[in-house]
Structure formats: structure tokens, C-alpha cells
Amino acid sequence: MAYDFKGPVPVPVDTAMDPESPVGWRIRTVEMHTAGEPVRIVVSGLPPIEGDTLLDKRRYCRDSLDRFRRLLMGEPRGHRDMFGAVLVPADDPKADAAALFIHNEGYCTMCGHASMAVVRYLVDEGVVPRAETGDTEVNLQCPCGLVRAWLTQDNQTRFLSVPAFVLHKDLSLPLPDGRQCRMDISYGGSFYAVVRAGDLGLSSDSPSAEYVRQASYIRRHLTAAGVKIHHPDSADLGFLFGVVFADFAPLSVVAPPPEVVSQVIVFADGQVDRSPCGSGTTACCAVLHAAGRLPTGHGCTFRCALTRSEFSGRVARETESHGRPAVVVQVAGRSFYTGRAEYLVEAEDPLGEGFLVQ
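Residue positions are given per chain, counted from 1 along the sequence in the order it is written. Local features in this predicted model are restricted to residues whose pLDDT is 70 or higher, and side-chain atom pairs enter the listing and the counts only when it is 80 or higher, whereas totals over whole chains, interfaces and linings include all residues. The side-chain values count all of the structure's non-hydrogen atoms but skip hydrogen atoms and water molecules.

Side note on the overall build of the chain
The numbering of helices and of strands both runs from the N terminus, where a helix is a DSSP run of H or I of at least 4 residues and a strand a run of E of at least 2. The secondary structure content of the chain amounts to five helices and 19 strands. For the chain, whose C-alpha radius of gyration is 20 Å, the value lies close to the compact-globule estimate of 21 Å for 358 residues. C-alpha extents for the chain along the principal axes are approximately 65 × 50 × 35 Å. The 358 residues of the chain split such that 56% are buried. Accessible areas in this description were obtained via Shrake-Rupley with a 1.4 Å probe; residue shielding takes into account the shown protein chains only. About 14,500 Å² of surface is accessible on the chain, with carbon and sulfur atoms providing 49% of the total. Just so you know, the count uses Lys and Arg for positive and Asp and Glu for negative, and it drops His and the chain ends. Throughout, a charge is located at the NZ atom of Lys, the CZ atom of Arg, the CG atom of Asp or the CD atom of Glu. Across the chain, the centroid of the 35 positively charged side chains sits 4 Å from that of the 43 negatively charged ones. To get the radius of gyration, use the C-alpha atoms; to get the globule rule, take the number of residues to the power 0.38 and multiply by 2.2 Å. The classification of residues rests on relative accessible area computed with a 1.4 Å probe and restricted to protein chains. Under 20% of the type maximum is buried, over 50% is exposed, and intermediate values are partly exposed.

See the structure below:
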């Protein structure tokens with residue numbers, strides 16, 4: 001046996017197995033959720049993931065090992081809204097571990113809810129020894145960069161984001177009735193379009209399918225309008241990952257800092273987040289701060305309008321990203337275990353490699 005995770009937690013793989021086929025592989029996972037959003041942590045059983053950097057490994061998984069993502073995220077083992085994290089070797093010497101994030105469409109560059117779960121798992125498994133008193137610090141390398149996190153004694157995780165910023169401010173989104181509504185493109189480890197839910201007639205009573213429909217419309221509009229999304233650190237980071245539908249007051253009017261922001265995030269291929277979404281919360285904080293609505297240090301509760309689960313978020317400090325004003329955001333939440341599993345594929349199974357129903 002060999003190991004494809006060269007850190008304190010080894011992930012055994014059988015190098016004699018055929019990486020071109022999932023038949024015969026036994027993939028072990030730890031199942032968790034953060035604020036209702038699932039996290040399937042892959043701890044052993046994948047073929048070796050090649051690449052010198054984490055972004056290299058992300059590309060290698062996408063190009064050479066995507067069948068394993070499909071079988072773990074898709075039915076009959078998962079579903080359209082399943083989410084996962086794969087532990088891999090960190091190339092950042094300051095990191096305790098590294099993670100790739102997988103979902104129904106591919107591989108994202110940041111995931112706050114999954115990072116929270118991974119941090120608790122790493123401490124519980126002894127990869128990072130738990131502090132006898134106080135918080136345990138964990139440095140997790142994500143595709144977007146190094147994320148510093150802390151686990152409290154009662155297992156709440158908080159993390160500090162990579163620099164978050166508004167890429168495009170005050171874009172116009174045409175509505176069916178001829179009106180226009182404001183939309184911002186913001187980066188919180190992944191890029192999101194941030195819109196006011198009420199401008200599109202959405203509320204906490206709206207079905208999730210309506211959020212998915214509106215998110216699809218926004219994506220089509222941005223593509224047709226030729227809106228460019230890029231990140232100065234890497235072309236791999238430059239794509240729209242999701243849409244944040246939030247209920248904050250219109251940014252064009254004077255209003256006090258919000259105490260609670262209710263929001264729904266739709267990402268990837270119409271995937272609906274059951275949590276308030278860590279990177280989406282970060283992106284929303286960047287928009288609110290840039291508009292003068294969220295002062296540095298002001299705490300705010302971010303609530304998923306569908307499940308009522310909550311994260312806390314605040315701008316921890318101002319910074320810059322390649323000359324652009326940016327902020328570092330702190331997000332906190334709790335993760336829980338739901339089980340452990342071993343997944344396999346039988347050679348005779350015609351649906352063994354997974355599928356999704358539209």
C-alpha cells in the first residue's frame with residue numbers, strides 16, 4: 001500500500017488498482033454537515049492525486065479523476081446537492097493540511113462550510129492536537145489560498161477569509177417588468193453575483209426551485225452581457241461560482257448596519273446551499289463593506305432563508321488585493337458528524353459510476 005496524503009493522516013491507496021476505472025476501489029468517507037449543508041470528507045481510497053501545487057491537483061482531478069467525483073456526488077450514493085472535500089498533501093509549508101472541494105458540477109476554489117467541517121475533523125483525528133485550553137488553531141490550504149481557522153473547546157469553528165473584494169460594482173440586471181436591479185460581483189474565495197432577493201420577487205417563502213431559476217437567468221445575462229470575471233492571482237480562480245440572494249436594504253439608501261441578513265445561495269449547476277454559505281457570506285460582507293453598510297468589526301448574523309441555520313460574520317480588517325481595496329472576513333459556525341461510510345462500484349452495475357437527475 002502507498003499513501004496519497006503525506007501528512008499526519010495517511011490515506012491508503014492500492015497502486016496496483018486501475019485509476020481509469022472505479023471498479024474495485026473502496027473509498028472511505030466521514031460524513032458531516034455544517035448548518036445543514038452536507039460535507040462528505042474523503043479520507044482514503046482514491047488514486048494518487050498528482051500535481052506540485054494545490055491548483056495543479058485540482059486540475060488533475062478535473063482532467064483525470066473526475067469519475068470519482070461523479071460517483072461520490074451523484075446518485076445513488078449522493079444527490080444533486082451533495083458536497084465533498086478531499087484531503088490532499090499541502091504544498092504551503094504553513095498549512096496543517098489541504099483540501100479540494102467537490103460538488104455536482106466540478107471543483108470550487110473555496111468552501112467555508114466544508115472548511116469548518118474539515119477543521120473539526122483534523123482536530124478530532126489528532127492531525128492537529130487539540131489545545132488543552134482555549135482555541136485550537138488550524139491552517140488549512142484551500143485552492144484560493146491559506147485559510148486560518150480556530151476550533152473552540154465546544155467545537156465551533158471560525159475562519160479568516162482570503163482577501164475579499166468587489167470586482168464589479170452596481171451592474172444592472174434587467175427584470176421582466178422592464179425595471180433594472182443592482183447586482184455586484186464579489187470575491188470571497190470564489191466569485192458570486194450578489195443581488196437583493198426582494199428585487200427579484202423572492203422571499204423566505206419562495207421555493208428553492210425559484211431561486212435556482214433566477215440564478216440560471218442571472219448567469220445567462222452575465223454571459224450575454226460579456227461580463228469578465230478574473231482574479232489576479234490565477235486564471236483558475238476567475239469564474240462565477242454562484243449567486244447570493246440577500247435581503248439587506250437597498251445599497252442606494254442610507255441605512256444602519258444590518259444585524260441579520262437572510263440569504264439563499266445557489267452555486268454550481270443549480271445546487272442549493274442549506275447553510276448560509278461561508279464563501280458567499282464573505283462575498284456579501286465585502287459588498288456591504290464597500291457600500292459603507294458594514295463597518296469593520298460589526299458582527300452580523302447570516303441566516304439561510306430555507307433552513308434558518310446561521311453563521312456569524314464580520315469584517316475583521318481592511319486590506320488590499322493587487323492594489324484593489326479588500327477585506328478579511330471572519331465567519332463562524334458549527335459542524336456535526338452524521339456517519340462514516342465505505343463506497344464501492346461493482347463491475348456489473350450499469351449505474352455504478354453515478355448519475356444526476358435534472
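This is not the end of the story, as more comes after the structure.
Thoughts on the nonpolar core
Only buried residues count toward a nonpolar core, which is a set of Ala, Val, Leu, Ile, Met, Phe, Trp, Tyr and Cys residues joined through side-chain atoms within 4.5 Å. In this structure, I41, F101, L122, I218 and F245 are the most contacted members of the largest nonpolar core, which totals 90 residues. The element contributing the most residues to this core is helix 3 (residues 112-124), with eight residues. Here the bounds of each domain stem from an automatic or database domain assignment. Here this core spans two domains, and each of domain 1 (23-160 + 338-346) and domain 2 (165-333) adds at least three residues to it. Here I41 is in contact with R28, T29, V30, M32, A85, L87, A117, V118 and Y121, once residues within four sequence places are set aside. Core analysis: the next-biggest nonpolar cluster, separate from the first, contains 21 residues, C61, L72, A98 and I102 among them. Note on definitions: a residue-residue contact is assigned when non-hydrogen atoms from the two residues lie within 4.5 Å.

Some words on the pairing of strand 12 (residues 180-187)
Among the eight residues that make up strand 12, six are buried, leaving the element largely enclosed by the rest of the structure. A pair of strands is labelled paired if DSSP reports no fewer than 2 bridges between them. Bridge analysis of strand 11 (residues 165-174) against strand 12 gives seven bridges, and the strand direction is antiparallel. The partner of L171 across the bridge, within strand 12, is M183. Once strand 11 ends, the chain turns through five residues before running back antiparallel as strand 12, passing G178 with a positive phi of about 95°. Of the pairings in the sheet, the one linking strand 12 to strand 13 (residues 191-196) comprises five bridges and is antiparallel in character. Bridge pairing in strand 13 links S186 to Y192.

Thoughts on the state of the cysteines
Note on terminology: pairs of cysteine sulfur atoms within 2.5 Å are recorded as disulfides. Evaluated as defined, the whole model comprises zero disulfides. Looking at C108, it has no disulfide partner, and the nearest cysteine sulfur is the one in C111, 5.4 Å off. Among the residues examined, C108 registers a relative accessible area of 1% and is labelled buried. Left unpaired, C142 is separated from the closest cysteine sulfur, that of C144, by 5.2 Å. Residue classification places C142 among the buried positions, given a relative accessible area of 2%.

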